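Listed below are the residues making up each chain.
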Amino acid sequence: MRGFSQSITFLRESPTRRIDAIRERLKRERRDIINLSAGQPGLPPPIEIRSLLAKQLVEDNSMELYGYTPSQGIIELREAVSEDLRRLGSIDVSPDNVVIIAGGQEGMFATFMMILNPGDEVVLLDPTYFGYKPIIEYFGGRVKRIGLSIDDEFKIDIEKLKELVTNKTKALVIVSPDNPTGNIIDKNTAKAIADLAMDRDFWIVSDEAYRTLIYEGEHVYMYKYAPDHVISINTFSKDPGIPGWRLGFIYGPSDAIPKLKLAAEEMTYCPPVIAQKFVAAYLRSEARMKHLKYIIEEYRSRRDAGVGALREYLPESRFIVPKGSMFIFVDLSRYIRDSEKFAELLLEKYGVTVIPGTYFSDIYRSAIRISFVVESIERIRMGIERISKAANELRGLL
């Protein structure tokens, strides 16, 4: 009988892709659109590594840069990842416990393909990255949310978490640095979560997409505290900044790795070879730490400009200054109620793209996520000034 899987109804078009499509249409109409929605870097990878790869592409006449690779990823990249985790995180992860994937999204899909059975419960923070819920539901999982308070800087209440965990809890998802809030989990909270996971025997899915984009404080590696219960998902879309080349990695315990490899293999067979070669060279180059220092300083300046503009133009807004990632999560409840309608009007009438808070949260329905990494400082301030104009003109109407 002809028809479609009921599970496919749980998958939705990414809201950021939908906004990108509208933005591109308006750009074709020669509208000046300020992009405060993008979750991708505004700075390209180091010229040294780009030049090296360009030389290889021109001079190497073999199939090495064009053929299949092992499904788990080339050994030189897995070794480079292992070295990088040791250098930046002081954790020992064997290259055999690393799976190279075609981007963080595949990592999310492979992880839940591996661990979920229908009826299993997964605890998500509120707010948190919108990509997890549809994947969990696609595999028959049930989402439970733990609400976080902006007044408490989005800290996780361990006692509330304990109340949510049941014998059906299969996993807890932690995004740190967080998307959308930019908050970073602290060591004490990480240790408490790890203890709970080991005691109640559930997985911690640790999303580390922004682990190198830290402006204050440090990234806490959950793997340190519960290595047998942690699956860590990483991407190279943010650092070195190749989102269109689709590359990332997962690391975790030995019993999980073969299953993760098989899941990824069934989806993409192997990760893109050109991206693997590029990142292997990047991670082992002198340019890596120099580039990382450069982008952190630049993004911190843009973040500070955004924070300053919010305080100046939207004094009734509420937010925390993000310690990491690329975003500021701004509560506009004193101006508007419906962030989706607001974002739509903001784009069509005022020429600014943001992401509505409803995509990340059931609680913060009047919030928006502002990205500060794509536009210049001048245009970030201009964009927030336009947001202020829109919020004040639409106050009480939405």
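The present account deals with the structure reproduced in this document. (Residues numbered from 1 in each chain as written. Predicted model: local features only at pLDDT ≥ 70, side-chain atom pairs only at ≥ 80, totals over all residues. Heavy atoms only, no water.)

1. Points about the overall build of the chain
When helices and strands are counted, the chain shows twelve helices and twelve strands. For 398 residues, the compact-globule estimate of 2.2 N^0.38 gives 21 Å, and the C-alpha radius of gyration of the chain, at 21 Å, lies within 12% of that figure. Each of the three principal axes of the chain carries a C-alpha extent, and together these read 60 × 55 × 55 Å. Each of the 398 residues in the chain was classed as buried or not, and the buried ones make up 58%. By sequence separation, contacts in the chain at least 24 residues apart represent 76% of the contacts at least 6 residues apart. (Helix = DSSP H or I, 4+ residues; strand = E, 2+ residues; numbered from the N terminus. Rg over C-alpha atoms; globule rule 2.2 N^0.38 Å. Buried < 20%, exposed > 50% of the residue type's maximum accessible area, 1.4 Å probe, protein only. Contact = heavy atoms within 4.5 Å.)

2. Section: the nonpolar core
Nonpolar side chains tend to gather and get buried jointly when the protein is soluble and globular. Residues Phe112, Tyr132 and Ile193 are the most contacted members of the largest nonpolar core, which totals 87 residues. Discounting residues that sit within four places of it in the chain, Ile193 has contacts with Ile156, Ile158, Leu161, Leu172, Ile174, Ile185, Ile204 and Met222. Ala209, Val307, Met326 and Ala390 belong to the second-largest nonpolar core, a separate cluster that totals 41 residues. (Core = buried A, V, L, I, M, F, W, Y, C linked by side-chain atoms within 4.5 Å.)

3. As for the pattern of salt bridges
Scanning the model with the defined rule gives 33 salt bridges in all. In this structure, Asp92 engages Arg86 in a salt bridge whose closest nitrogen and oxygen atoms are separated by 2.8 Å. Residue classification places Asp92 among the exposed positions, given a relative accessible area of 60%. A relative accessible area of 41% means that Arg86 is categorised as partly exposed. Note that Glu216 is salt-bridged to Arg303, the shortest N-O span being 2.6 Å. You can see Glu216 sitting in the loop between strand E6 (203-207) and strand E7 (230-235) and its partner Arg303 sitting in helix H10 (residues 287-313), a full 87 residues away along the chain. (Salt bridge = Lys/Arg side-chain N within 4 Å of Asp/Glu carboxyl O.)

4. What to know about the sheet that holds strand E11 (residues 355-356)
A sheet is described by the order of its strands in space; here three strands give the open sequence E9-E12-E11, paired in antiparallel fashion. At either margin of the open sheet sits one strand with a lone partner, and together these are strand E9 (327-331) and E11. Two strands pair when backbone bridges link them, and E11 and strand E12 (residues 367-371) are joined in this way by two bridges, in the antiparallel orientation. When the bridges of E12 are listed, Pro356 appears paired with Ile368. Strands in contact with H10 are E9 and E12; relative to E9, the strand with the most contacts, it is inclined by about 15°. (Pairing = 2+ DSSP bridges. Axes fitted to C-alpha atoms, helices over the stretch in contact; angles between N-to-C directions.)

5. Looking at the sheet that holds E7
Reading across from one edge, E2-E8-E7-E6-E5-E3-E4 is the order of the seven strands in this open sheet, with mixed pairing throughout. The sheet is open, and its two edges are formed by strand E2 (98-101) and strand E4 (142-147), each paired on a single side. Here the strands of the sheet are splayed against their neighbours by 20° on average, with no regard to which way each runs. Both E2 and strand E8 (residues 248-251) contribute to a ladder of four bridges, which runs antiparallel. Within the sheet, the bridge partner assigned to Ile100 lies in E8 and is Phe249. On top of the sheet, helix H8 (residues 257-268) reaches E2, E7 and E8; it is set at about 15° to E2, its chief contact.

6. Regarding unusual backbone geometry
The omega torsion of the bond from Asp126 to Pro127 falls at 10°, within 30 degrees of zero and hence cis. Structurally, Pro127 can be placed in the loop between strand E3 (121-126) and helix H5 (132-138). With omega at -10°, the peptide bond leading from Ser176 into Pro177 counts as cis. Here Pro177 is to be found in the loop between strand E5 (169-175) and helix H7 (187-200). Positioned with a positive phi, Phe154 is a non-glycine residue whose angle comes to about 60°. Tracing the backbone shows Phe154 in the loop between E4 and helix H6 (158-164). Despite not being glycine, Asp201 has its phi angle at roughly 60°, a positive value. Here Asp201 lies in the loop between H7 and E6.

Keep in mind these numbers describe shape, not what the thing actually does.
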